Amino acid sequence: MTDTLDLARQLISIPSVTPDDMGCQQLIAERLKAIGFTIENLPYGDVDNLWARIGTEAPLFVFAGHTDVVPTGPIERWRNDPFVPTIVDDVMTARGTADMKSSIAAMVCACETFFKNNTAINGSVAFLITSDEEGPAIDGTVRVVEYMASKNEKIDWCLVGEPSSSKVLGDVIKNGRRGSISGDLIIHGVQGHIAYPHLAKNPIHLFAGALQELSTELWDNGNLHFPPTSFQISNINAGTGASNVIPGDLNVQFNLRFSTEITDQQIKQRVEAILDKHDLNYTLEWTLSGQPFLTADGALVDAVKKAIKSVCNIDTELSTAGGTSDGRFIAPTGAQVVELGPINESIHKIDENININDLEQLTEVYRKILHNLFS
């Protein structure tokens, strides 16, 4: 058993369903402290955060990740206990194998090897680990970034260990993400007997035209780095459950993943203009989860590409596809941010898994990135 596999199994065996860290960060901190990192525990609310740093000078490179995992779903549908990592034919199955405790284990072991041979570097390396990435993301990375700003600590380069790979390890890295904004919309009608529609106002019927327009609207054409902005309904609900009652209200939840070609304010204005055009009586609450960001070619992207080519012998693809990550809280500080981690095919699924042969490769890629940046 390799060091990375051993540490990954220890972390995966801890049932740290968001936001409960359950001791994962203590285990990580002990390993990092042993090689010279200074440890700060930063709890906010029910969330545990770890900030560990070695060195005091710029530039500052940060490994970022999370110890929380999503719920398992029906345990009886798993081939084994989801918190007992089980290896069959080199595939380890358990919750958190791909997203993203294996990445954290590889980060730690990469640092152990790197600092064994590089006792003094021109710069600093740190870890920013939270237990609130899979949850509301209110008391996690965003709070640590605020804390760092209060101390005038600035991140230059950040590697988030999210599972970015598609078919083989290292074939895709994320150098940006789309923004995400959600709306909670209530269309107000008038409840009534379904046999007397003239005495009621059916909010479902009232919304039909606006829904058609919202779903076919061309928000933008995207650009070289981002696909066009997408509007999607996630939930829609109305009615009392009775088949003879016209509902009084219709609740619609929607989301737009947006490119750098449009702002969140423009989205709000255009959505509300469409609703107003259809003369709807409505209330609408907005939630902005993150702005889009992009890390252009530069020192970090070059170091990551070079490391992947050296270890995996492939040319990686840059991508901004997928959901949000905690990189959205770090990029606005001016940091270059990329995401590189295991294959993402099984994340959040029953029987989440990782090929254990990828663990050593990932560890070596992370070590090479440190070498490329600091040697």
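For the structure, check the block above.
These numbers were taken from a predicted model, which means no experiment stands behind them.

What counts, and where the lines are drawn
Residues numbered from 1 in each chain as written. Predicted model: local features only at pLDDT ≥ 70, side-chain atom pairs only at ≥ 80, totals over all residues. Heavy atoms only, no water. Phe/Tyr/Trp six-rings, centres within 6.5 Å; stacked < 30°, edge-to-face > 60°. Helix = DSSP H or I, 4+ residues; strand = E, 2+ residues; numbered from the N terminus. Buried < 20%, exposed > 50% of the residue type's maximum accessible area, 1.4 Å probe, protein only. Pairing = 2+ DSSP bridges. Axes fitted to C-alpha atoms, helices over the stretch in contact; angles between N-to-C directions. Contact = heavy atoms within 4.5 Å. Polar contact = N/O pair within 3.5 Å; in protein donor to acceptor, adjacent residues only side chain to side chain. Core = buried A, V, L, I, M, F, W, Y, C linked by side-chain atoms within 4.5 Å. Salt bridge = Lys/Arg side-chain N within 4 Å of Asp/Glu carboxyl O.

Enquirer: What am I meant to see in the packing of aromatic side chains here?
Expert: Aromatic ring pairs are defined here through the distance separating the ring centres and the angle between the ring planes. Inspection of the entire model under this criterion finds 10 aromatic pairs. Plain terms: the ring middles of Phe 37 and Phe 127 are 5.7 Å apart, the flat faces sit at 80° to each other, and that makes the pair edge-to-face. Of this pair, Phe 37 sits in the loop between helix H2 (24–33) and strand E1 (38–41) while Phe 127 sits in strand E6 (residues 124–130), and the two are 90 residues apart along the sequence. Across the pair, Phe 127 and Phe 37 agree in class, each one buried. Summarising the aromatic geometry, the rings of Phe 114 and Phe 115 are spaced 5.1 Å apart at their centres and angled 85° between planes, so their arrangement reads as edge-to-face. By relative accessible area, which is 10% here, Phe 115 ends up buried. Each member of the aromatic cluster is reached from another via a ring pair, and the members are Phe 37, Phe 61, Phe 63, Phe 114, Phe 115, Phe 127 and Tyr 366.

Enquirer: Sorry if this is basic, but what is going on with the sheet that holds strand E10 (residues 179–188) here?
Expert: Across a sheet, paired strands are connected by hydrogen bonds in the backbone, their directions being either parallel or antiparallel. Here we have 4 strands laid out as an open sheet, ordered E12-E14-E10-E15, and antiparallel in their pairing. Each having just a single partner strand, strand E12 (230–238) and strand E15 (282–290) make up the two edges of the open sheet. Going from strand to strand, the sheet's axes swing by 15° on average, the running direction of each strand aside. Lying over the sheet, helix H6 (residues 264–277) contacts E10, strand E14 (249–258) and E15, oriented at roughly 160° with respect to E15.

Enquirer: I keep staring at the side chain of Thr 141 and nothing clicks. Help me out?
Expert: Relative to the elements of secondary structure, Thr 141 occurs in helix H4 (residues 141–150). Classification of Thr 141 by relative accessible area gives buried; the value is 4%. Polar contacts involving the side chain of Thr 141 include one to the side chain of Asp 326, which spans 2.6 Å. Each residue touching Thr 141, except ones within four places of it in the same chain, is listed here: Asn 49, Leu 128, Thr 130, Asp 326, Phe 329 and Ile 330.

Enquirer: Mind showing me how you'd approach the environment of Thr 320 here?
Expert: By the secondary structure assignment, Thr 320 is in the loop between strand E17 (317–319) and helix H8 (327–330). Other than its neighbours up to four places away in sequence, Thr 320 contacts Asn 175, Gly 176, Arg 177, Arg 178, His 225, Phe 226, Pro 227 and Leu 294.

Enquirer: Help me understand the nonpolar core in this model?
Expert: The tendency in soluble globular proteins is for nonpolar side chains to be buried side by side. In terms of nonpolar packing, the biggest core is built from 58 residues, with Phe 61, Phe 63, Val 125, Phe 127, Leu 159, Tyr 366 and Ile 369 touching the most fellow members. With 11 residues, helix H3 (residues 97–117) is the largest single contributor of residues to this core. Beyond its immediate sequence surroundings of up to four residues, Ile 369 is in contact with Phe 61, Leu 159, Ala 303, Val 304, Ala 307 and Leu 340. Within the second largest apolar cluster, 22 residues are counted, among which are Phe 207, Trp 219, Phe 258 and Leu 280.

Enquirer: What's the story with the side chain of Asn 255 in this structure? I'm lost.
Expert: Relative to the elements of secondary structure, Asn 255 occurs in strand E14. There is a polar contact of 3.1 Å between the side chain of Asn 255 and the side chain of Ser 180. Excluding its chain neighbours within four sequence positions, the residues that come into contact with Asn 255 are Ser 180, Ile 181, Ser 182, Ser 230, Phe 231 and Gln 232.

Enquirer: Could you clarify how one ought to interpret the pattern of salt bridges in this entry?
Expert: A pair can form between side chains of opposite charge whenever their charged atoms are brought close. In this structure the tally under the stated criterion is 16 salt bridges. A salt bridge links Glu 112 to Arg 31; its shortest N-O distance comes to 2.8 Å. Of the two residues, Glu 112 sits in helix H3 while Arg 31 sits in helix H2, which places them 81 residues apart along the sequence. Among the residues examined, Glu 112 registers a relative accessible area of 17% and is labelled buried. Its salt-bridge partner being Glu 40, residue Lys 151 comes within 3.4 Å of it at the nearest N-O pair. Note that Lys 151 is positioned in the loop between H4 and strand E7 (157–160) and Glu 40 in strand E1, a separation of 111 residues in sequence. The partly exposed category is assigned to Lys 151, whose relative accessible area is 38%. The exposure class of Glu 40 is partly exposed, given its relative accessible area of 22%. Linked through salt bridges whose partners overlap, the residues forming this network are Glu 40, Arg 53, Lys 151 and Glu 153.

Enquirer: Where do I start with the environment of Thr 316 in this structure?
Expert: By secondary structure assignment, the location of Thr 316 is in the loop between helix H7 (299–312) and E17. Between the alpha carbons of Thr 316 and Leu 250 there is a distance of 46 Å; along the sequence they are 66 residues apart. There is a polar contact of 2.8 Å between the side chain of Thr 316 and the backbone oxygen of Gly 170.

Enquirer: Quick question: what am I supposed to make of the sheet that holds strand E5 (residues 91–93) here?
Expert: Strands sit in the order E4-E5-E19 across an open sheet of 3 strands; the sheet is antiparallel. Of all strands in the sheet, those bounded by a partner on one side alone are strand E4 (86–88) and strand E19 (353–355). Averaged over all pairs of adjacent strands, the angle between strand axes in this sheet comes to 25°, irrespective of strand direction. Of the strand pairs in this sheet, E5 and E19 are connected by 3 bridges, and their pairing is antiparallel. Directly across from Val 91, in E19, lies its bridge partner Asn 355.

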